[in-house]
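These are the residues of each chain, in order.
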Amino acid sequence: MDIPRRGPFPFGPPYETLGIRITNEEDGEILPRTYAYWPNVNANLGRDTLRVFLGTSRGPCWWEIDKCSHEVTPRGPIFPAGHALAGSTAEGWYWDARDFDVLYCSDDKHLYRYDFESQELDTVVDITPLAWIGDFALRQWHTGAQRIHSATVKHIVAEGAWPSIGTIIYDENTCQPWKWFPKLGALDESQIDRTGTWLLIKENLDGQDDEDNRIISLVNDDEHIITDRAGAAGHSDNGYGYMVAADNWQPEATWRVWRFGEERQGDIVLQTPWDEQVIHVSHCNARPGAPAESQWVLGSGTIEDLIVIPLDGSQQVRHVAPSMSAGDGYDDLAKANVDPAGKYALWTCRTDGRFDAFMVKL
C-alpha cells in the first residue's frame, strides 16, 4: 500500500474505501491520546470542509480537510504560546455533537467551549471557587443533549496517586447545576448518555470479578445495577438511551446493546473469537429519535481492521480499513472514533517508528 506523506490514498480490496493521511513528521510528535468516545473530527454534515484536532508535542493542533479533494491543510496550534491550554495533551477533548465550530476543552479544574469562528474560549465549569479545590480534579468529561455534562472526580492524594471518588453532573440549564454521586466501590469511569438523562457509572461494587454498572436516571435518581457476570459493560459507548457494551463473561468476545431503564438482558450485536475481538467501539454518530437497531458503531482494537457493526443483531459487519497498528502496547491499539455525522473515522497508529493520524471515509 502506497501511503503519501499527507492527503488521500485508496484502501484497496477488500475495503474499497478512501484513506486520508493527516499527519507526518512536519507536525511534530503526535500523542496517542485519541479515544473511541471522544470525536477528533467535527460535526461537518452539509459543509465543504471538516476539522481535525490532535494533541502533539507542539500542543493541541488542528488540520482542515477539503471534503471534495480530501487534501489536508495543517493549521497549527489551536492556542498561542503562553496560553493556559497551549501545553495540554488534549486527552479527553471532543467536538460538539452538532456545532461545526465548537470544541470542548478541559484541564483539571475547568471545562471550556472554544469557538473556532470567533476564536473565543468560554468557561462552562470552574471549580476553583469551591472550598475543596486544592485536593480534587475533574477528568473524563462527556456531554449530553441540552448541554448537560458528566465528569469523574479524582482526589489528588500524592504524585501519581489520583483515585476516583465519584461522579458529578453539571446542568447548564438550572440554577442548581450540580449533582453528586459518590463512589460505592472501586470506581473506573462514568459517562452521561447522549440524551443527557442517563448516567452510566463503572465500578466494582461487590469486590468480585471486574466492573459492575450503575445506571442512574437523572430525572428521578432511580438506579439499576448490572453485575459483571450478568453482562456489565467493560469498554462501551452510549447512544440515546442505551449503551453498546463489551460483555466479558461469554465463551466468545461479545458486544451487547443495553437499553437504559429496561430490565431485560442486552441484545447481542457481535460475537467473535477472543483472538479477533473488538476492544473499543465508537458511537459518536448516534442519531436522536432513531431506534438503536437502525444504527451502527465503529469497532477497533486488537483486530486487524476497523469494522462497522450494525446494531440490528445481524452481525453483518463491514471491514472499512486496516488498522495498520504495529506493537502490542495499549497505546499501539487502534482506538478509532467516528465523526458525529457518521461519514469519517479517525485513529492514530505507529508508522516508521512514530505515531501518525489517519482517517477513512465511511
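Scroll up to find the structure.
Read on for an overview of the structure. On a predicted model such as this, the values are computed, not experimentally measured, just so you know.

## Regarding the overall build of the chain
Working step 1: Across its full length, the chain carries zero helices and 28 strands.
Working step 2: Over its C-alpha atoms the chain spans a radius of gyration of 20 Å, differing by no more than 12% from the 21 Å that the globule rule assigns to 362 residues.
Working step 3: In terms of its C-alpha atoms, the chain occupies a principal-axis envelope of roughly 55 × 50 × 40 Å.
Working step 4: Within the chain, contacts between residues at least 6 apart in sequence are counted, and of these 44% link residues at least 24 apart.
Working step 5: With 31 positive and 56 negative side-chain charges, the chain shows a separation of 3 Å between the mean positions of the two kinds.

## Comments concerning the nonpolar core
Working step 1: Counting 18 residues, the largest nonpolar core has F11, L298, L306, M324, W347, F358 and V360 as the members making the most contacts within it.
Working step 2: Considering every element that reaches this core, the biggest residue donor is strand β27 (residues 344-351), with three residues.
Working step 3: Apart from residues no more than four positions distant in its own chain, F11 is found in contact with M1, E16, T17, L18, G19, V320, A321, P322, M324, W347, M359 and V360.
Working step 4: With 17 residues, the next largest nonpolar core counts Y94, A151, V153 and Y170 among its residues.

## Concerning the state of the cysteines
Working step 1: Throughout the structure, instances matching the rule amount to zero disulfides.
Working step 2: Free of any disulfide, C284 has its nearest cysteine sulfur in C105, 16 Å distant.

## Description of unusual backbone geometry
Working step 1: A cis amide bond links P13 with the next residue in sequence, P14, at an omega value of 5°.
Working step 2: Relative to the helices and strands, P14 is located in the loop between β1 (7-11) and β2 (17-21).
Working step 3: A positive phi angle, near 70°, is found at A90, a position not held by glycine.
Working step 4: Assignment of secondary structure puts A90 in the loop between β5 (72-77) and β6 (94-95).
Working step 5: Phi is positive for Q315, close to 60°, though the residue is something other than glycine.
Working step 6: Tracing the backbone through its elements, the reader meets Q315 in the loop between β24 (305-310) and β25 (318-322).

## Some details on the sheet that holds β6
Working step 1: Read across the sheet, four strands follow the order β6-β7-β8-β9 without closing on themselves; strand pairing throughout is antiparallel. Unpaired on one side and paired on the other, β6 and β9 (120-126) mark the two borders of the sheet.
Working step 2: Here strand β7 (residues 102-106) pairs with strand β8 (residues 110-115) via five bridges, running antiparallel. Residue pairing in the sheet places C105 in a bridge with Y112 of β8.

## Structural notes on the sheet that holds strand β3 (residues 49-56)
Working step 1: With respect to topology, three strands assemble into an open sheet ordered β3-β4-β5, the strand pairing being antiparallel. Whereas interior strands pair on both sides, the edge strands pair on one side only; in this sheet they are β3 and β5. The mean angle between the axes of side-by-side strands here comes to 25°, regardless of whether they run parallel or antiparallel.

## Brief notes about the side chain of N285
Working step 1: Looking at the element boundaries, N285 is found in the loop between β22 (280-282) and β23 (296-300).
Working step 2: Here the side chain of N285 touches W296 through a polar contact of 3.2 Å, landing on its backbone oxygen.

## A look at the packing of aromatic side chains
Working step 1: Using the criterion set out here, one finds 17 aromatic pairs in the structure.
Working step 2: An angle of 90° between the planes, with centres 6.3 Å apart, marks the rings of F9 and F358 as edge-to-face. Here the residue F9 occupies a position in strand β1, and F358 occupies one in strand β28 (residues 354-361), the gap between them amounting to 349 residues.
Working step 3: Among the residues examined, F358 registers a relative accessible area of 0% and is labelled buried.
Working step 4: Every member of this aromatic cluster is reached through a ring pair, and the members are F53, W62, F79, W93, W95, Y114 and F116.
Working step 5: Cation over ring: R47 sits above F100, and NZ or CZ is 4.1 Å from the ring centre.
Working step 6: Against the face of Y330 rests K335, its NZ or CZ located 4.4 Å from the ring centre.

## Remarks on the pattern of salt bridges
Working step 1: Inspection of the entire model under this criterion finds 22 salt bridges.
Working step 2: Close ionic contact of R259 with D267 constitutes a salt bridge, the shortest N to O distance being 2.7 Å.
Working step 3: The partner of R354 in a salt bridge is D356, with the nearest N and O atoms 2.8 Å apart. Accessibility assignment for this pair places R354 and D356 in one class, buried.
Working step 4: Salt bridges linked by common partners bring R5, R6, E25, E26 and D27 together as one network.

## Re the environment of V41
Working step 1: Within the fold, V41 resides in the loop between β2 and β3.
Working step 2: Placed 303 residues apart in sequence, V41 and Y344 show a C-alpha to C-alpha distance of 7.7 Å.
Working step 3: Excluding residues within four positions of it along the chain, V41 makes contact with L50, R51, V52, W95, N337, D339, P340, L346 and M359.

## Quick look at the side chain of D332
Working step 1: Topologically, D332 is positioned in the loop between β25 and β26 (337-338).
Working step 2: At 2.8 Å, the side chain of D332 and the side chain of R350 are in polar contact.

## Let's talk about the pairing of strand β12 (residues 164-171)
In the case of a regular strand, side chains alternate between the two sheet surfaces.
Working step 1: Taken across its eight residues, β12 has seven buried, putting it largely inside the fold.
Working step 2: For strand β11 (residues 148-155) and β12, the ladder comprises seven bridges, and the chain directions are antiparallel. Directly across from I148, in β12, lies its bridge partner D171.
Working step 3: Pairing of β12 with strand β13 (residues 178-182) involves five bridges; the strand directions are antiparallel. Paired with G166 across the strands is P182, a residue of β13.
Working step 4: Where β12 folds back on β13, the antiparallel hairpin that results is connected by six residues.

The rules behind the values
Numbering of residues starts from 1 in every chain and runs along the sequence as written. Per-residue local features of the predicted model are confined to residues with pLDDT of at least 70, and side-chain atom pairs are confined, for both listing and counting, to 80 or more; whole-chain, interface and lining totals are unaffected and use all residues. Hydrogens and water molecules were not included; the side-chain quantities draw on all heavy atoms of the structure. The numbering of helices and of strands both runs from the N terminus, where a helix is a DSSP run of H or I of at least 4 residues and a strand a run of E of at least 2. With the radius of gyration taken over C-alpha atoms, the globule rule is written as 2.2 Å times the number of residues to the power 0.38. By definition, residues are in contact when any of their heavy atoms lie within 4.5 Å. In this tally, Asp and Glu contribute negative charge and Lys and Arg positive charge; neither His nor the terminal groups of the chain are included. Each charge is placed at NZ for Lys, CZ for Arg, CG for Asp and CD for Glu. What we call a nonpolar core is a set of buried Ala, Val, Leu, Ile, Met, Phe, Trp, Tyr and Cys residues that are connected through their side-chain atoms within 4.5 Å. The buried label goes to any residue with under 20% of its type's maximum accessible area, the exposed label to any with over 50%, and the partly exposed label to all in between, with areas taken from a 1.4 Å probe on protein chains only. A pair of sulfur atoms, both from cysteines and within 2.5 Å, is called a disulfide here. By the convention used here, strands pair only if DSSP detects at least 2 bridges between them. Each axis is a line fitted through C-alpha atoms, taken for helices only over the stretch in contact, and angles between the N-to-C directions span 0 to 180 degrees. As used in this structure description, the phrase polar contact means that two N or O atoms lie within 3.5 Å; if the pair is within protein, one of them must be able to donate a hydrogen and the other to accept it, and residues adjacent in sequence are counted only when both atoms belong to side chains. Planes of paired rings set the category: under 30 degrees apart is stacked, over 60 is edge-to-face and the rest tilted, where pairs are Phe, Tyr or Trp rings (Trp by its six-membered ring) whose centres lie within 6.5 Å. For a ring to carry a charge above it, either NZ of a lysine or CZ of an arginine must fall within 6 Å of the ring centroid while also lying within 35 degrees of the normal to the ring plane. Basic side-chain nitrogens of Lys or Arg form a salt bridge, by our definition, when they fall within 4 Å of a carboxyl oxygen of Asp or Glu.

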